[in-house]
Amino acid sequence: MVNRHIQAVGLDIGTGKIRCVIGEPSESGQMNIVGLGEAESRGLRRGIVSTTDAVADSIKRAVEEAEQVSGLEIQMATVNVSGEHLQGENKGGVVAVAGAGREITEEDVERAIESASAMPLPAGWEIIDRLPQEFIIDGQDGITEPVGMRGARLESRVHVVISPSAGKQNIEKAVNRAGLDVDGMVLEPLAAAASTLSEDDKEYGCALINIGSELTSLMIFGRGAVQHTRVFPFGGMHFTKDIALGLRVSIPEANVIKHDYGCVAPFLFRENEGQEVIEITPVGRNETRGLSKEILCDIMAPRAIELLQHLALEINRTGAQNSSGVVLTGGGSQVRGMVEIAEQIFDAPTRLGFVDSSLVSGLAAEVRRPEWATACGLALISMRRQVREAMAGPTTATQKVAAWLENFRGKFR
Ligand SMILES: Nc1ncnc2c1ncn2[C@@H]1O[C@H](COP(=O)(O)OP(=O)(O)OP(=O)(O)O)[C@@H](O)[C@H]1O
Ligand SMILES: [Mg+2]
């Protein structure tokens, strides 16, 4: 089989959960999901490693589960980069086209991107990603693939994302300690977008919001490219803490209450549902106490509104056009009523971001939840990169292989 050597592994290292997806390219161009695993995460704080060994252990558990499901052994994974300090900036650069006949080469494009991202960085910071938005050739803008075109002056517009280097290095160390190599690192919201947004969403404008456990990341797309990135230090864990404090229950119990009965939009209650009573056990007590769903909602709703208002403010500040609305991913987006409240606050169509079923096959049903968006996106990005490399490489000798790869050309740009 042609695709035997292509094994795409997405490893989503989150503060609450670690998730691993193993995929293989299929003849149809989809990613065939052959393995997945999930483990409670230990040793991370807001996406940053605080205890390497604990993170490595959690990674091992998630990876082992995915290996068991797939019957495969994996050596490498593409992992997410996150952290509240990530910063995105839009930059511009310009170079003279050097070659004969003024035909733009890949080197010219690379130089134009370099020129845009030449910027002073704070000590200990690095460029995490450089995402081209558009190129301008002799004043003509809106060009996405300038290679092969003619011109004298090549300008670039690039979304440059920077972050302290330590975060990335420590994640890599933990992955290595779990016995794996890192074959790529991708911004968490970019990965989530890869599995949930359509080309139209990215073209006409869309805000992707990934609500995790302790981090919420926002990435705004428009004209087919990333226009804005921002990470906030809040997420689903804040609801759990509010419940624990408000009801004097333990964090694990608060979490169960949140998952089983939590709601942030009282107007979704069926008749009399608000008065339904939940039994809770306050810390240090033996007897249970009754709590109405309405009161639980009163505790959770203000937090949801606060969280979403921060995001709305940021989106409005950028002045972005979000014709395709807002897409919510991550476990925190699954709180009952979150989408409905978000729709009101953003005043824009809002939906949960499910892994696009046209992109995946195999164990696809298992990942059709917004908290799997990042892990699937990481695997998809890894697979596309490997397929592209295989297409460019000298090993694609036989016609059969070439034809097979041709299938992917459109799909894996
Ligand atoms: N059905 C649900 N109802 C309410 N909250 C939920 C539900 N499912 C998941 N969550 C919450 O989502 C959060 C976890 O989301 P996710 O798994 O995306 O985070 P993570 O990737 O581990 O963390 P981070 O990205 O912040 O590092 C937790 O706070 C969890 O309680
Ligand atoms: Mg996450």
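To start, this report covers the structure provided alongside it. (Residues numbered from 1 in each chain as written. Chains lettered and ligands numbered in written order. Predicted model: local features only at pLDDT ≥ 70, side-chain atom pairs only at ≥ 80, totals over all residues. Heavy atoms only, no water.)

Section: the packing of helix H6 (residues 236–247) against helix H7 (residues 251–261)
Across the interface, H6 lies against H7 with an axial gap of 8 Å and an inter-helix angle of 110 degrees. Judged by the angle between their axes, H6 and H7 are roughly perpendicular. Pair H6 / H7 crosses with right-handed handedness. Where H6 approaches H7, its residues Gly236, Met237, Phe239, Thr240, Lys241, Ile243, Ala244 and Leu247 are matched on the opposing element by Ile251, Ala254, Asn255, Ile257 and Lys258. Split into classes, the residues belonging to the contact of H6 with H7 amount to 8 nonpolar, 3 polar and 2 charged. (Axes fitted to C-alpha atoms, helices over the stretch in contact; angles between N-to-C directions. Helix = DSSP H or I, 4+ residues; strand = E, 2+ residues; numbered from the N terminus. Parallel < 35°, antiparallel > 145°, perpendicular 65-115°, else oblique. Left-handed = near helix turned anticlockwise from the far one by under 90°. Contact = heavy atoms within 4.5 Å. Nonpolar A, V, L, I, M, F, W, Y, C, P; charged D, E, K, R; others polar.)

A few points about the sheet that holds strand E1 (residues 8–13)
Backbone-to-backbone hydrogen bonds join strands into a sheet, with any given pair of strands oriented parallel or antiparallel. Strand order in this open sheet of 6 strands is E11-E6-E1-E2-E3-E19, and the pairing throughout is mixed. Each edge of the open sheet carries a strand with a single partner, namely strand E11 (181–187) and strand E19 (360–362). For this sheet the average axis-to-axis angle between neighbouring strands, irrespective of direction, equals 35 degrees. Relative to strand E6 (residues 76–81), E1 runs parallel, the two being bridged by 2 bridges. By the bridge assignment, Leu11 is partnered in E6 with Val79. Sitting on the sheet, helix H1 (residues 52–70) touches E1, strand E2 (17–25) and strand E3 (31–40), and the angle it makes with E3 is about 140 degrees. (Pairing = 2+ DSSP bridges.)

Let's talk about the site of ligand 1
Lining the immediate surroundings of ligand 1 are 21 residues, of which Thr15, Gly16, Lys17, Lys258 and His259 lie closest. Within the side chain of Glu188, an N or O atom sits 3.5 Å from an oxygen atom of ligand 1. Side-chain polar atom of Lys258 to an oxygen atom of ligand 1: 2.7 Å apart, as the coordinates give it. Considering ligand 1 on its own, with 650 Å² of exposed area, one finds that the protein chains cover 89% of that surface. (Near = heavy atom within 4 Å. Polar contact = N/O pair within 3.5 Å; in protein donor to acceptor, adjacent residues only side chain to side chain. Areas by Shrake-Rupley, 256 points an atom, 1.4 Å probe, with all protein chains shown as cover.)

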